[in-house]
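Geometric and topological summary
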Amino acid sequence: MKIGSKHFMDWWSYIYVIMILLISLFISDFNIVMFILYFVLALPFINSIEHFVVISLLLSTISYYFTGAYEEIFSIYTILLILIMARVLFLYKGKLEFNANNLILIIMLGVLACWSYIESPFHYFNGLFRLLYLLLLSVVVGNFIRLKISVICEMLPKTASIMVVGYLLSVLIKGSLIDGRLTIANSVNTNTFGMSCAQLGCILLMTAFLNKAQMRKNLVLCAIVVMLALLSGSRGALLAFALASAIVVIIYAKKNGRLTGTMFKLAIAGTVALGGMYLVLILTGLDTSRFSVAEIIASGGSRRSLIYESLIPYIIKNGYWKIGYGPGHECSRQVIMSLIGWDYAHSHNTFLEAFGELGIMGLLILIWSIKKSLKNIYGVCKIYKEAYLFVTILICLLINGLAESYFFDAVLWLLLAICRNNFIEETEIVAN
């Protein structure tokens, strides 16, 4: 098997992901030695950067759990940056595959972050550095290379399948119950675990819908990972999974003139799924009130509503709506602590987080970037239908982003980068 061939790259991707899954089971600290190990083993991906982009994206769904995937200098994201630069220098002789899509908006966000940091009462340098790092990653992946959409969409469900199996093993080996809710490890928030499962579920479900080959396997794995999301007790993740999948299925069906039949099938599938989930909740003895809207309202609602009610007036009253109180979740944490006395890591809303940290301009730039990325990837769907995978997982992230903040997470910026990429089309691959 020749190094650099597609068959080799596929298998090397599986080995690389399995290695990280195993290391993450027993080791949490990431040092220079492990970084070098990860880097050396990643060198073959210079021949197919798409494989490593998929790995980085899926690991970023729980970045702080996977050893080496946290958004720091010594991380797989830095390895991705190095691989891209090496590819440009050695394989393309210094020629960039440049596109200007969204680039000005990302640069504006970086400049705004620096300005906000200078004016911030907190001067949280780590927050500024992390945001600039993620923006750089997003620019390089989204604007400096052209990815093969066919390779990415083929590897996405295959890699997701391995991660589902890895999640099952991880739960069995070091899984934890926090207030009766399942998570992959004691250090991982149940909502974060649930959302990662939801995104894997979106990939597998949409792959089964778009491509009948291996549909049974994908549906079985999807059912397993959605069950894990259910046991995590994450309402937002399950809602995001269901809505994102339904929205994209309806869009696809309408485009192909099969809307009525698809709506009927969705109604039946939704009823069966809800009944099955409720049965699982009863059999496992989990608290079903978490999924009851009436009981949530009767108990006073979610604490998130109190955060929003306190934080938004604070931002406006103190003039932070202009350029924010500074980049970094730590800034939001300190503000929220002073307002309601709860030690929340962030504002639990991606758009409110952007508004609080970088002001109204930061919020508008984020929204505009998302809009342009969605428009770009939807245009790709007209040529290559499997690109609907990225429409689905981005919508899923945005829906759950109304209750969680991904503004400082690699998963958001990698997704936006991939969605705005100037992909190499199938005709170009054949011509070359």
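Values in this document were obtained by computation on a predicted structure and should not be read as measured data. (Residues numbered from 1 in each chain as written. Predicted model: local features only at pLDDT ≥ 70, side-chain atom pairs only at ≥ 80, totals over all residues. Heavy atoms only, no water.)

The next thing to look at is helix α15 (residues 350–381). Here α15 spans only 26 Å end to end across 32 residues, well under the 46 Å set by a 1.5 Å rise per residue. The largest bend in α15 is about 140°, located at Leu-358. Taking the backbone nitrogen of Phe-351 as reference, a side-chain oxygen 2.9 Å away marks Asn-349 as the first, capping residue of α15. (Helix = DSSP H or I, 4+ residues; strand = E, 2+ residues; numbered from the N terminus. Expected span 1.5 Å × (residues − 1). Bend = angle between axes of the 7 residues up to and from the residue. Polar contact = N/O pair within 3.5 Å; in protein donor to acceptor, adjacent residues only side chain to side chain.)

Among the eleven residues in helix α3 (residues 49–59), eleven count as buried, and that is most of the element. Every buried residue of α3 is listed here: Ile-49, Glu-50, His-51, Phe-52, Val-53, Val-54, Ile-55, Ser-56, Leu-57, Leu-58 and Leu-59. (Buried < 20%, exposed > 50% of the residue type's maximum accessible area, 1.4 Å probe, protein only.)

Relative to the helices and strands, Ile-360 is located in helix α15. Taking C-alpha positions, Ile-360 is 6.9 Å from Ile-323, a pair spaced 37 residues apart along the chain. The contacts of Ile-360, once residues within four sequence positions are left out, are Trp-321, Lys-322 and Phe-355. (Contact = heavy atoms within 4.5 Å.)

Quick look at the pattern of salt bridges now. Scanning the model with the defined rule gives nine salt bridges in all. Across the pair Asp-10 and Lys-158 runs a salt bridge whose closest N-O atoms are separated by 4.0 Å. In this pair, Asp-10 sits in helix α1 (residues 6–26) while Lys-158 sits in helix α7 (residues 149–174), placing the two residues 148 residues apart along the sequence. On the basis of relative accessible area, Lys-158 is assigned to the partly exposed category, the value being 28%. (Salt bridge = Lys/Arg side-chain N within 4 Å of Asp/Glu carboxyl O.)

Right, let's talk about a nonpolar patch on the surface for a bit. Taken together, the side chains of Ile-32, Val-33, Ile-36, Val-40, Leu-43, Ile-73, Phe-74, Phe-125 and Phe-129 define a hydrophobic patch exposed on the protein surface, amounting to about 810 Å² of accessible area. Secondary structure elements with two or more residues in the nonpolar patch: α2 (32–42) and α6 (125–143). No other element matches α2, which puts four residues into the nonpolar patch. Mapped onto the fold, Ile-36 is located in helix α2. (Patch = residues over 30% accessible without salt bridge, like charges linked within 9 Å, V, L, I, M, F, W, Y side chains within 5 Å. Areas by Shrake-Rupley, 256 points an atom, 1.4 Å probe, with all protein chains shown as cover.)

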